[in-house]
Amino acid sequence: MTKPSIYGLTFEQLTDWLVDKGHKKFRAQQVWDWLYKKRVKSFSEMVNVNKECRSLLDEHFAIQTLEIHSKQESRDGTMKFLFKLQDGNLIETVLMKFSYGLSVCVTTQVGCNIGCSFCASGLLSKSRDLTSGEIVEQIMNVQHALDDRANEERVSHIVVMGIGEPFDNFDNLMDFLHVVNDDKGLAIGARHITVSTSGIIKKIYEFADQKLQVNLALSLHAPNDELRTKIMKINKGQPIKPLMEAVDYYLEKTNRRITFEYILLKGINDTPEIAQQLADLIRDKKRLSYVNLIPYNPVDEHIQYEQSEKNAILRFYDTLKKNGVQCGIRHEQGSDIDAACGQLRSKQIKKDKEKAKTKA
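Predicted model only: the values in this text are computed from it and were never measured.

Caption draft 1: Focus on helix α3 (residues 51–60). Cys 53, Leu 56 and Leu 57 are the residues of α3 that are buried. In a view along the axis of α3, the buried residues occupy a sector of 95 degrees, so they form one face of it. Across α3 from its buried face, at more than 90 degrees, point the exposed residues Lys 51 and Glu 59.

Here is the structure:
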């Protein structure tokens with residue numbers, strides 16, 4: 001029987017669990033320090049925690065439930081991890097280097113049911129949600145890899161944009177955010193954390209009501225229902241008008257800027273006319289919005305899509321700027337490795353299936 005990850009407990013949940021088992025409250029702080037400050041890999045290393053408590057923790061929890069299946073490193077410093085879970089499933093996590101720090105992109109589900117027609121993550125349907133512990137442990141594994149380099153490097157930013165739809169795993173997402181943001185542990189500032197959603201309207205309202213300082217990004221990719229439904233099937237049930245109403249609620253409730261993620265697909269959604277539609281759509285939100293224009297990372301299984309030409313990207317950008325829209329073009333990273341989200345996992349699963357056929 002597999003044990004859940006200790007990283008799945010918030011500080012309050014760990015304290016309550018230990019007190020319920022007959023231990024003093026201060027034990028929770030000791031354990032927390034060993035996990036997130038000293039970053040040990042076994043309970044036996046927690047030398048100032050009494051043996052009874054260590055044995056109890058070891059009986060009920062695991063510190064390491066993820067195994068590095070493979071790792072790719074780009075010339076620009078991007079590192080892509082393929083982790084194997086206790087049940088044999090594979091997930092991806094990416095470390096990216098920026099001028100402002102080290103950012104980790106985490107996965108929230110095994111597979112994805114959103115079904116964006118351009119995305120490698122959706123090639124395999126969701127089989128389950130990740131636990132909060134499995135999400136936190138992605139950060140810890142990356143931090144351990146940095147610790148091994150002995151350069152005193154630290155994960156400073158988090159983006160929840162990996163495989164899966166974070167708002168489809170809402171409760172575990174919230175626990176994850178509370179753990180990594182806790183100032184007694186990793187202390188990653190809320191404003192250094194961004195959660196991306198494809199647009200689950202009900203959860204946007206719920207997220208706004210959480211009163212977090214965490215950033216929100218919306219994967220929009222098209223400014224009208226016809227085009228968005230064509231490339232993102234979620235738009236059939238979550239169309240743009242009510243989606244924008246949810247965005248308005250978020251902006252009013254939080255007074256925080258929202259980022260609209262927009263992947264540019266050659267000849268599909270990258271014309272100046274479409275750019276004008278996008279500018280018109282968010283005109284009343286310009287003060288608290290930013291459009292992140294993303295050059296497409298080609299995926300073998302989606303040959304119908306190509307990366308927009310540089311001139312088309314610049315024309316799109318110029319149209320938005322002329323309309324007073326705050327926007328930027330994302331710098332490509334990891335282009336010499338499996339850059340697209342879900343691509344490394346998809347390739348590995350294919351390899352495993354081919355090996356199984358050969359053996360059979």
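Next comes the rest of the write-up.
Caption draft 2: Fine view of the sheet that holds strand β3 (residues 90–98). Strand order in this open sheet of 10 strands is β1-β2-β3-β4-β7-β8-β9-β10-β11-β12, and the pairing throughout is mixed. The outermost strands of the open sheet, each flanked by one partner alone, are β1 (67–73) and β12 (327–329). Adjacent strand axes in the sheet meet at a mean angle of 20 degrees, parallel and antiparallel pairs treated alike. Of the strand pairs in this sheet, strand β4 (residues 101–105) and strand β7 (residues 155–160) are connected by four bridges, and their pairing is parallel. Pairing of Ser 103 across the sheet is with His 157, part of β7. Together, β7 and β8 (193–197) form the strand contacts of helix α5 (residues 170–181), whose direction differs from that of β8 by roughly 165 degrees.

Caption draft 3: Molecular detail of the packing of aromatic side chains. With the rule as written, the count across this model stands at 12 aromatic pairs. Centre to centre, the rings of Phe 11 and Trp 32 are 5.4 Å apart; their planes meet at 80 degrees, and the pair counts as edge-to-face. Note that Phe 11 is positioned in helix α1 (residues 11–20) and Trp 32 in helix α2 (residues 26–36), a separation of 21 residues in sequence. Trp 32 gets classed as buried once you look at its relative accessible area, which sits at 1%. For the ring pair Trp 17 and Phe 61, a centre distance of 5.0 Å and an interplane angle of 70 degrees mean the geometry is edge-to-face. Of this pair, Trp 17 sits in helix α1 while Phe 61 sits in the loop between α3 and β1; the two residues are 44 residues apart in sequence, bridging distant segments of the chain. Each of the two residues, Trp 17 as well as Phe 61, counts as buried. Connected via pairs of aromatic rings, a cluster forms that spans Tyr 7, Phe 11, Trp 32 and Tyr 36. The ring of Trp 34 carries the charged tip of Lys 38 above its face, separated from the ring centre by 4.6 Å.

What counts as what
- Residues numbered from 1 in each chain as written.
- Predicted model: local features only at pLDDT ≥ 70, side-chain atom pairs only at ≥ 80, totals over all residues.
- Heavy atoms only, no water.
- Buried < 20%, exposed > 50% of the residue type's maximum accessible area, 1.4 Å probe, protein only.
- Helix = DSSP H or I, 4+ residues; strand = E, 2+ residues; numbered from the N terminus.
- Arc of directions from axis to C-beta.
- Pairing = 2+ DSSP bridges.
- Axes fitted to C-alpha atoms, helices over the stretch in contact; angles between N-to-C directions.
- Contact = heavy atoms within 4.5 Å.
- Phe/Tyr/Trp six-rings, centres within 6.5 Å; stacked < 30°, edge-to-face > 60°.
- Lys NZ or Arg CZ within 6 Å of the ring centre and 35° of its normal.

Function cannot be inferred from these measures alone, as they are strictly geometric.
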